[in-house]
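Descriptive analysis of the structure
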Amino acid sequence: MKNHHGLKPFLYATVLAIVLHFVSCEKGTHSTDDETLGHPIDTTGMVVEYRGAFVVPPADPVLNWVYLNTNDSGLYIYNDTSWILMISDGSDGINGTVRVNGTSGKNIFITYCDNSFSNRPAVPSGDGTLPAQWHTNYTPLTSWVSQKIASSATDGTWGPPICFRMTGGNGLVYFEGFKPDLLCSECHTPDKDSFQIIEKKWQWSVSKHSESTIGFEPGISCTECHTTEGFFQKINGLPLTIDINTTPVGCFACHSPHKKGDFSLRRTDPVLLFSNFIGVSRFSFDYGKGNLCAKCHRPRAVMSQLDPGKSSAANDSIVITTSRWFSHYGVQSQMLMGKGGYEWQNGPVPIIQSAHTSASQIKSDGCIVCHMATGQNNSSGGHTMNLTTVNQGSTEYLTTGCVIPACHPSPMTTFDDNGKITEIRKNLDTLKILLSQRHWLDTLTMTVKASTAAPLVISPSNKAGALWNYFLVANDGSEGIHNAKYANSLLRNSIAKMRGQF
Ligand code: HEC
Ligand code: HEC
Ligand code: HEC
Ligand code: HEC
Ligand code: HEC
């Protein structure tokens, strides 16, 4: 039981010292991130700001401001909604002497509760250990306190529970803390939407990002790209954990509004893309803000890798034991850069790159230049990241990102610039037929006809490059638009390979 003497001169200083004490103990042991230190409400504890003694509450209060009301001698704290009484003054003790229990004056009693911040406990009673979740010793898990000023521990009435933390457990919004002096109402005010959050939320809700955890069990290796929580853990070098109730790739994956106080992007440093070829090292993807996208839209490792050094070898073979013998689905980053395809040294078609790979307009911000252009009716562009929409039966293409004087000067009605996409579609179809005739490709599941029980052996190994290239272009999902020249040169070489032309 904390028992502090009711001597007026010591009262406020003592209480503040106790409160600040929590903060200093916690800081040393629990914080993992320097930026959150010393901050009003963070994952580590609470700092109050004493504003002085006033007749009326100070104007424009901020969370955790504390002031002394000179009318009723109460110490008030602002809980972000209203001023609530934190401590009220007891009767004066006898000046200069230490009060003896039960003889005169009153004590401050404080009791603690470890409920999570979202689980407000009932008001304590008795000596502060009832109901059972209240205890009189502080623990590192304490989130709630209550106090009273009474002549004995069992006397008087406990005050309403005060939440000591805006943090709690693994709560997503809280796990990285809040920026010091963050003004919550900047974003959370019903009658003002300065950042157009509602619009962004709506757009996001029609994007596939809003479905990203659906359709598979979020296995531990999947969460880093398919959930906000996993992405956060990965990007901050934390161990990946499985949480049954993960959330899709949402606002807090790409932004960090609470910690940064704005909607700048969480991370935009270049991404080292994995290479699935023997002897080929990783390559750096660097397209400005688009780097954020490539942190997920990137290849994953596969077993049984091809060796480009053996692209003209005649007698080797490759054993494929997985039906998913491709670099997952997020190959768009590779495709834009013109990497990741199997290139034969003696292929008949030269490997070339589209202007998309290096044009300064795209180098600047990559993926978002096209996918986040201003769209219509919140169904394309922006946070939908969607470029094709069907409106009253007719397909509409968002070409705002394409029609730039130096790029595509005249209005475009489809993405099929000069019939390039039609040609890629045709070549992709041809290759698909050739691969399925060979029984390498299962066209029903769009996977490889291979498993550990029934491995697919291809000889010479370089011939499997055709299968590899098929998946690269197909899984990219843009029908070659990201890098039409590269996609098409890979397809044409692959077709020639399957036809035995080289
Ligand atoms: C820069 C903008 C911004 C500021 C400032 C901000 N938030 Fe948020 N906050 C968001 C966004 C965006 C979301 C998620 C969007 C959504 O689901 O509405 C969110 C979600 C939340 C949630 C989850 C519940 C919910 O409504 O989705 C809580 C709780 C929350 N914020 C508390 C706070 C508190 C407390 C503060 C001030 C200390 C604060 N926020 C300041 C942008 C902000
Ligand atoms: C490196 C990041 C990353 C990891 C790790 C990852 N994925 Fe994905 N996954 C993506 C991206 C990005 C897409 C979407 C690509 C697209 O739509 O073109 C995707 C798409 C998919 C799809 C296709 C969904 C559809 O709508 O067609 C499935 C299924 C899938 N992932 C399953 C998994 C599973 C299961 C795991 C874990 C074993 C996993 N992913 C791990 C990034 C990842
Ligand atoms: C997949 C990543 C991603 C997700 C998820 C995402 N954003 Fe964004 N957001 C971006 C990118 C990229 C930009 C920058 C666009 C630009 O600069 O043109 C942006 C820009 C913004 C902006 C404009 C910032 C400015 O300064 O103009 C706001 C506001 C915003 N996002 C809010 C949200 C909200 C709210 C959510 C959740 C509903 C959300 N975003 C989800 C990637 C994302
Ligand atoms: C945290 C990981 C992550 C980030 C960051 C991310 N994405 Fe995604 N994205 C995904 C996943 C996962 C899917 C697939 C969802 C599914 O299929 O269920 C997806 C789907 C998409 C789709 C829809 C694909 C389809 O098949 O319709 C587009 C377009 C897209 N992302 C573009 C972007 C762009 C542009 C950015 C950067 C602003 C970005 N993504 C950032 C994970 C991410
Ligand atoms: C030059 C403009 C441009 C750039 C840059 C670009 N894309 Fe695309 N992307 C497109 C177009 C156009 C499509 C085809 C859209 C359609 O048919 O709806 C597409 C398709 C996609 C798809 C498949 C969507 C679907 O509906 O299946 C995904 C996923 C995607 N892009 C992600 C990305 C990512 C990630 C990046 C950056 C690495 C990127 N894109 C860069 C223009 C672009």
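Let us look at the structure shown here.

Looking at the site of ligand 4
Near ligand 4, the surroundings consist of 21 residues, among which Lys208, Phe231, Cys293, Cys296 and Cys367 are the closest. Those elements giving two or more residues to the shell around ligand 4 turn out to be helix 3 (223-226), helix 5 (251-254), helix 7 (291-294) and helix 10 (367-371). The leading source of residues in the shell around ligand 4 is helix 10, at three residues. Its residues assigned to classes, the shell around ligand 4 comprises 11 nonpolar, seven polar and three charged. If you count residues domain by domain, the shell around ligand 4 takes at least three from each of domain 2 (183-260) and domain 3 (271-498).

Topic: the packing of helix 12 (residues 464-476) against helix 13 (residues 484-498)
For any two helices packed against each other, the geometry is given by the interaxial angle and the distance between the axes. Put simply, helix 12 and helix 13 touch, their axes get as near as 9 Å, and they point 150° apart. In the crossing of helix 12 with helix 13, the sense of the turn from one axis to the other is left-handed. Listed contacts from helix 13 to Gly465, Ala466, Asn469, Tyr470, Leu472 and Val473 of helix 12 are Ala487, Leu490, Leu491, Ser494, Lys497 and Met498. A breakdown of the residues in the contact of helix 12 with helix 13 according to their chemical character gives eight nonpolar, three polar and one charged.

Digging into the site of ligand 3
Around ligand 3, the surrounding shell holds 20 residues, and the nearest of these are Phe195, Lys200, Cys251, Cys254 and Phe263. For the shell around ligand 3, the elements supplying multiple residues, two or more each, are helix 2 (197-206) and helix 5. Considered class by class, the residues forming the shell around ligand 3 number 12 nonpolar, five polar and three charged. Here the shell around ligand 3 gathers at least three residues from each of two domains, domain 2 (183-260) and domain 3 (271-498).

A look at the pairing of strand 4 (residues 65-69)
In this sheet, strand 4 lies alongside strand 3 (residues 49-54) in parallel orientation, the contact comprising four bridges. Within the sheet, the bridge partner assigned to tyrosine 50 lies in strand 4 and is valine 66. What sits between strand 4 and strand 5 (residues 74-78) in their antiparallel hairpin is a turn of four residues, with serine 73 showing a positive phi close to 55°.

Regarding the environment of glycine 341
Note on placement: glycine 341 falls in the loop between helix 8 (332-337) and helix 9 (360-365). Given 24 C-beta atoms within a 10 Å radius, glycine 341 is considered buried. If we skip the residues at most four places from it in the chain, glycine 341 touches Asn469, Leu472, Tyr486 and Leu490.

Thoughts on the sheet that holds strand 5
The mixed open sheet is built from four strands, whose spatial order is 3-4-5-6. Taken across any chain shown, the strands that pair with only one partner, and hence form the sheet edges, are strand 3 and strand 6 (83-87). The average angle at which neighbouring strand axes cross in this sheet is 30°, direction not considered.

Things to note about the packing of helix 11 (residues 420-437) against helix 13
Relative orientation of the contacting elements helix 11 and helix 13 amounts to 30°, with a least axis distance of 9 Å. Here helix 13 runs roughly parallel to helix 11, going by the angle between their axes. Between helix 11 and helix 13 the crossing geometry is left-handed. Note on element contacts: helix 13 touches helix 11 through Ala484, Ala487, Asn488, Leu491, Arg492, Ser494, Ile495 and Met498, opposite Lys420, Glu423, Ile424, Asn427, Leu428, Thr430, Leu431 and Leu434. Taken together, the residues of the contact of helix 11 with helix 13 break down into nine nonpolar, four polar and three charged.

Concerning the nonpolar core
Counting residues in hydrophobic clusters, the biggest one holds 60 residues, and the most contacted among them are Leu431, Val448, Leu467, Ala487 and Leu491. When residues in this core are grouped by element, the largest group, eight residues, is from helix 12. With residues near it in sequence (within four places) discarded, leucine 491 still touches Ile424, Asn427, Leu428, Leu431, Asn469 and Val473. Core analysis: the second largest hydrophobic core is formed by 20 residues, Ile108, Tyr112, Trp134 and Trp144 among them.

Notes on the environment of lysine 208
Positionally, lysine 208 belongs in the loop between helix 2 and helix 3. Each C-alpha atom, one on lysine 208 and one on asparagine 386, is 8.6 Å from the other, the two residues being 178 residues apart in sequence.

Cut-offs applied
- Residues numbered from 1 in each chain as written.
- Chains lettered and ligands numbered in written order.
- Predicted model: local features only at pLDDT ≥ 70, side-chain atom pairs only at ≥ 80, totals over all residues.
- Near = placed C-beta within 6 Å.
- Helix = DSSP H or I, 4+ residues; strand = E, 2+ residues; numbered from the N terminus.
- Nonpolar A, V, L, I, M, F, W, Y, C, P; charged D, E, K, R; others polar.
- Domains from an automatic or database assignment.
- Axes fitted to C-alpha atoms, helices over the stretch in contact; angles between N-to-C directions.
- Left-handed = near helix turned anticlockwise from the far one by under 90°.
- Contact = placed C-beta atoms within 7 Å.
- Pairing = 2+ DSSP bridges.
- Buried ≥ 20, exposed ≤ 12 C-beta atoms within 10 Å, placed from the backbone.
- Parallel < 35°, antiparallel > 145°, perpendicular 65-115°, else oblique.
- Core = buried A, V, L, I, M, F, W, Y, C linked by C-beta atoms within 7 Å.

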